[in-house]
Amino acid sequence: MDTPYIFGREKVPDLPLGRFIPPIPGGMASAWCRKNLAPGDWVLDPLGFNPMVAIEVAQAGYPVLVTVNNPIHSFMLKVIASAPKEEALIAALQDLAIAPKGDERIEGTIRGLYTVTCADCKRQIEADAFLWEKGARQPFAAQVSCPYCGTVAEQEISDADTSRLDALPPIQLHRARALNRIVGRDEGLRAHVKNALNAYPARPLIILQTIINKLDSLEQSPRRRELLIALILSAADQVNTLWAHPTPRSRPRQIVVPNVYREKNLWKALEKAIKTWQVVQSPVPIQTWGERSAEPSGVYLYHGRIRELSPQPPRDFFTAVIATIPRPNQAFWTLSALWTGWIWGQEAVAPIRQVLARQRYDWNWHTNALNAIFDAIQPYYHDDLKIWGVIAENEPMLLLATLLAAETSHFTLSKYAFSSEDELAQCQWQKDNHPVYYTKPEVAIKIAREKVRHYLRKKGEPANYQKIHSAAITGLAYENQLAIDIFLQNPNAAASETQKWIETLFEQKDFLIRVGGGTASLETGEWWLQNPGEVADPMIDRLEQKVLDHLIRTEITDAHTVKETIYQSFQGIFTPQNKVLLICLESYAELIDSENHLWKLRENEKPEVRKAEVDQIREALKSIGKRLNYKTTGEDPILWSEGDLTNPVYRFFVFSTAIISKHIQKGHYSPRKMVLVFPGSRANLLAFKKQRNPLLSNFLDSGLIAVKFRLVRDLEANPLLSRELFNEQILVDPPEYRSSQLALF
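What counts and how
- Residues numbered from 1 in each chain as written.
- Predicted model: local features only at pLDDT ≥ 70, side-chain atom pairs only at ≥ 80, totals over all residues.
- Heavy atoms only, no water.
- Helix = DSSP H or I, 4+ residues; strand = E, 2+ residues; numbered from the N terminus.
- Buried < 20%, exposed > 50% of the residue type's maximum accessible area, 1.4 Å probe, protein only.
- Pairing = 2+ DSSP bridges.
- Axes fitted to C-alpha atoms, helices over the stretch in contact; angles between N-to-C directions.
- Contact = heavy atoms within 4.5 Å.
- Core = buried A, V, L, I, M, F, W, Y, C linked by side-chain atoms within 4.5 Å.
- Arc of directions from axis to C-beta.
- Polar contact = N/O pair within 3.5 Å; in protein donor to acceptor, adjacent residues only side chain to side chain.
- Salt bridge = Lys/Arg side-chain N within 4 Å of Asp/Glu carboxyl O.
- Phe/Tyr/Trp six-rings, centres within 6.5 Å; stacked < 30°, edge-to-face > 60°.
- Lys NZ or Arg CZ within 6 Å of the ring centre and 35° of its normal.
- Parallel < 35°, antiparallel > 145°, perpendicular 65-115°, else oblique.
- Left-handed = near helix turned anticlockwise from the far one by under 90°.
- Nonpolar A, V, L, I, M, F, W, Y, C, P; charged D, E, K, R; others polar.

**What about the overall build of the chain?**
For step 1, the next point in the chain: If you tally the helices and strands in the chain, you get 28 helices and 26 strands.
For step 2, the next point in the chain: Its C-alpha atoms give the chain principal-axis dimensions of roughly 100 × 75 × 50 Å.
For step 3, the next point in the chain: Burial analysis of the chain (745 residues in total) assigns 55% to the buried set.

**Remarks on the sheet that holds strand 12 (residues 299-303)**
For step 1, the next point in the chain: Across the sheet, which stays open at both edges, the 8 strands sit in the order 11-12-2-1-13-14-16-15 with mixed pairing between neighbours. In this open sheet, the two edge strands, each paired with only one partner strand, are strand 11 (286-288) and strand 15 (411-419). Averaged over all adjacent pairs, the angle separating strand axes in this sheet is 20 degrees, with direction ignored.
For step 2, the next point in the chain: Note that strand 11 and strand 12 share 3 bridges and pair parallel. Bridge pairing links T288 to L301 in strand 12.
For step 3, the next point in the chain: Relative to the sheet, helix 2 (residues 51-59) contacts strand 1 (43-45), strand 2 (64-68), strand 12 and strand 13 (320-325), its axis offset from that of strand 2 by approximately 165 degrees.

**Some details on the nonpolar core**
For step 1, the next point in the chain: By size, the foremost hydrophobic cluster in this structure holds 226 residues, and its most contacted members are Y200, L270, W277, L338, W339 and W342.
For step 2, the next point in the chain: Non-local contacts of W277, meaning those with residues more than four positions away in its chain, are made with P16, F75, M76, V79, I80, P84, L89, A230, L231 and S234.
For step 3, the next point in the chain: In terms of nonpolar packing, the next biggest core, distinct from the first, is built from 23 residues, V614, I624, L628 and L715 among them.

**Concerning the sheet that holds strand 20 (residues 589-593)**
Two strands in a sheet stick together by hydrogen bonds in their backbones, pointing the same way (parallel) or opposite ways (antiparallel).
For step 1, the next point in the chain: Spatial ordering of the open sheet is given by 19-21-20, a layout of 3 strands whose pairing is antiparallel. Every other strand in the sheet has two partners, leaving strand 19 (556-558) and strand 20 as the edge strands with one partner each. If you compare each strand with its neighbour and ignore which way they point, the axes differ by 35 degrees on average.
For step 2, the next point in the chain: Here 3 bridges tie strand 19 to strand 21 (residues 598-601), and the two strands are oriented antiparallel to one another. Across the sheet, the residue bridging to D558 is L598, located in strand 21.
For step 3, the next point in the chain: Where helix 22 (residues 578-588) meets the sheet, its contacts fall on strand 20 and strand 21, and the angle it forms with strand 21 comes to roughly 45 degrees.

**Side note on helix 8 (residues 187-196)**
For step 1, the next point in the chain: All of the buried residues in helix 8 are L189, R190, V193 and A196. End-on, the buried residues of helix 8 take up no more than an arc of 120 degrees, which puts them together on one face.
For step 2, the next point in the chain: Elements that come into contact with the buried residues of helix 8 comprise helix 7 (171-180) and helix 12 (330-344).
For step 3, the next point in the chain: Capping the start of helix 8 is the job of one residue whose side-chain oxygen sits 3.0 Å from the backbone nitrogen of G188: D186.

**Considering the pattern of salt bridges**
For step 1, the next point in the chain: Per the stated rule, a full pass over the model turns up 38 salt bridges.
For step 2, the next point in the chain: A salt bridge links K606 to E603; the shortest N-O distance between them is 3.2 Å.
For step 3, the next point in the chain: Residue K606 is classed as buried on the basis of its relative accessible area, which comes to 17%.
For step 4, the next point in the chain: Taking the shortest distance from any N to any O, the salt bridge between E605 and R682 comes out at 2.7 Å. With E605 in the loop between strand 21 and helix 23 (607-627) and R682 in the loop between strand 25 (674-678) and helix 25 (683-692), this residue pair connects regions lying 77 residues apart in the sequence.

**Quick look at unusual backbone geometry**
For step 1, the next point in the chain: Of note, the amide linkage connecting H245 to P246 takes the cis form, showing an omega dihedral of 10 degrees.
For step 2, the next point in the chain: Note that P246 resides in the loop between helix 10 (222-238) and strand 10 (260-264).
For step 3, the next point in the chain: The omega torsion across D636 and P637 is 15 degrees, close enough to zero to call that bond cis.
For step 4, the next point in the chain: You can see P637 is positioned in the loop between strand 22 (631-633) and strand 23 (638-641).

**Describing the packing of aromatic side chains**
For step 1, the next point in the chain: What the rule picks out here adds up to 33 aromatic pairs.
For step 2, the next point in the chain: Each member of the aromatic cluster is reached from another via a ring pair, and the members are W42, W289, Y300, F317, F318 and Y380.
For step 3, the next point in the chain: Lying over the aromatic face of W243, R19 brings its terminal NZ or CZ to 3.7 Å of the ring centre.

**Some points on the environment of L639**
For step 1, the next point in the chain: Residue position: L639 is located in strand 23.
For step 2, the next point in the chain: A relative accessible area of 18% means that L639 is categorised as buried.
For step 3, the next point in the chain: Distance in space between the C-alpha atoms of L639 and L621 is 9.5 Å, their sequence separation being 18 residues.
For step 4, the next point in the chain: Apart from residues lying up to four places away in sequence, L639 is in contact with K631, T632, T633, P648, Y650 and R651.

**Quick word on the packing of helix 20 (residues 539-554) against helix 25**
For step 1, the next point in the chain: At their nearest, the axes of helix 20 and helix 25 sit 11 Å apart, and the two run at 155 degrees to each other. When the axes of helix 20 and helix 25 are compared, the pair comes out roughly antiparallel. Regarding helix 20 and helix 25, the two cross each other, and that crossing is right-handed. On helix 25, the residues that touch I540, D541 and E544 of helix 20 are L685, F688, K689 and R692.
For step 2, the next point in the chain: Within the contact of helix 20 with helix 25, the residues separate by chemical class into 3 nonpolar, no polar and 4 charged.

**Brief notes about the side chain of E544**
For step 1, the next point in the chain: Counting through the fold element by element, E544 comes out in helix 20.
For step 2, the next point in the chain: Judged by its relative accessible area of 0%, E544 is buried.
For step 3, the next point in the chain: Non-local contacts of E544, meaning those with residues more than four positions away in its chain, are made with C584, Y588, T657, A658, I659, R682, L685 and K689.

Pasting the structure below:
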């Protein structure tokens, strides 16, 4: 069933290697635990893809076991949980900085490899980064911030700079070392590693191998060595070719060199990494699984897959499973193998060595991989076990792969929520103990149609492809009807075949129609029912009313309370975006404390004040109509007529809100000569509704007139008012949407 979306009260933390970590807002996992668990309940994280999930759960008072197969994931978890201080990280880097390299210190040698001439003051400076075209022998530009003249610019590489940058140590020895630390004589794997090494230009590869080679002889305490390795890992990610330019943020999934990329200054990357490892303020206890204390707390780490867990706890040991579902990512797993081998050697690569040979991570493979995780949870399942999955960077195929993997492991979807704001889905499953039965496509398609029809009727307005896709597959998953028998005959194609089958819903002309956007793909535009029948009021109208009711009830509220209140009413796929909540709030309230996000209902929005104003406007319209020699009748609407009372010249609907759907859906009136009269503070909200809803937009553009209260007052006060002037003035100030300059949080 649909359930309220659990939002995090903090932003997604800035983590080391963050572009490869599923982005989970801070506070989300602990909020779920507090709603569903008792203090001290054990939690299992069978994937360990986001270290902050386990840390946050442990900080909230729930001991958590994390099973991690990737050495990079486990290392990140240990270091972040240890809460390293800035001075300790600086000291670790200083150990490296002062290490000798020939006749000078290694820091000076490395920085010297980034020397260019400032184009303005002509002094030699250190580049922040170089810009490369794919396949080029030299960078075409340098990004600089000159410490002498203050120039911050992107400048061309001069001939003198080119000669200087060419003076690199021979690459062959360093490339061979980089290869041999990862893999032995297996020629097949060596070929894959050689290909993966192309993710590194010559300069950073030489520097990284120089630094890693220096680690073996560096005299450091174990703690300082651990922190230095952390900084090296961050730098190793920062200096590869997978930073497209000018794209500001990159989340690569495959090792594909961009057409233009940034080669960042490696030493500066080491320095910047100091801040990224300072994520938590206080250390969180972390132990190896099997070293349990009398009063367990903190994080327990098992190096290996969940199916290999040893010692194995009793079936009823865990109260909850929290799984951060990742996207398939060939780039991260391949880089993890490189980094692991460089730092800890070939033996450490063994648990993930197979990723070097796998070049394609498609959705069918991902479905099977997730299915193996769900299967591995089976030995710990009991009737009271809660299984919660968090799907970050959610998209149709990722959700489909997850739900299909769960169902084929005999877990039934029991709760679902989705936030397009966070691009995150939350799923809860329970075990299906009925006999195994997979559905027929002709049965499932009827269920899918009904689920989509129910969703759109309940939403009361068009929806995009992703929302409709979610409605279809979650609806099927709720009833154990997503796994189609003929598609499961080939597990290596089940997900892709199921997706093709789902897409036929959008091709059925008697079912869905596209009502907005282009036709380039199914994912463009908005979709609506061909024959909608009885539908609910548009979701945004109901949301507006809920926000207003909440403001009237509380007068002063904060953004978190607003979200919690609204999310209780709009659950599952219906979770509204912050943008929509903000526009509704701005229409009725003022921000009185930006630091604490406090909002107060404006005095003129109180019900008794607005009611009196509506009455005044109605009387003003009647007065104007009489002055212009129209016959005025009615209250809602107010009619201005000439002779034939059944064919009025104008119909005036006076609103205190922007909720106009009842007149559109009932279809009693033609939009021509239909005038909506509303407070000016509602104009932006009405314009936003028009922008997001193609059906409403078409209606408003077909002759309907929107007029603000202020204009009615001005017209009433104008002694020279005529019919011609009235007809002209009511058209001069239509609502126009302006995006907010505020943020909800």
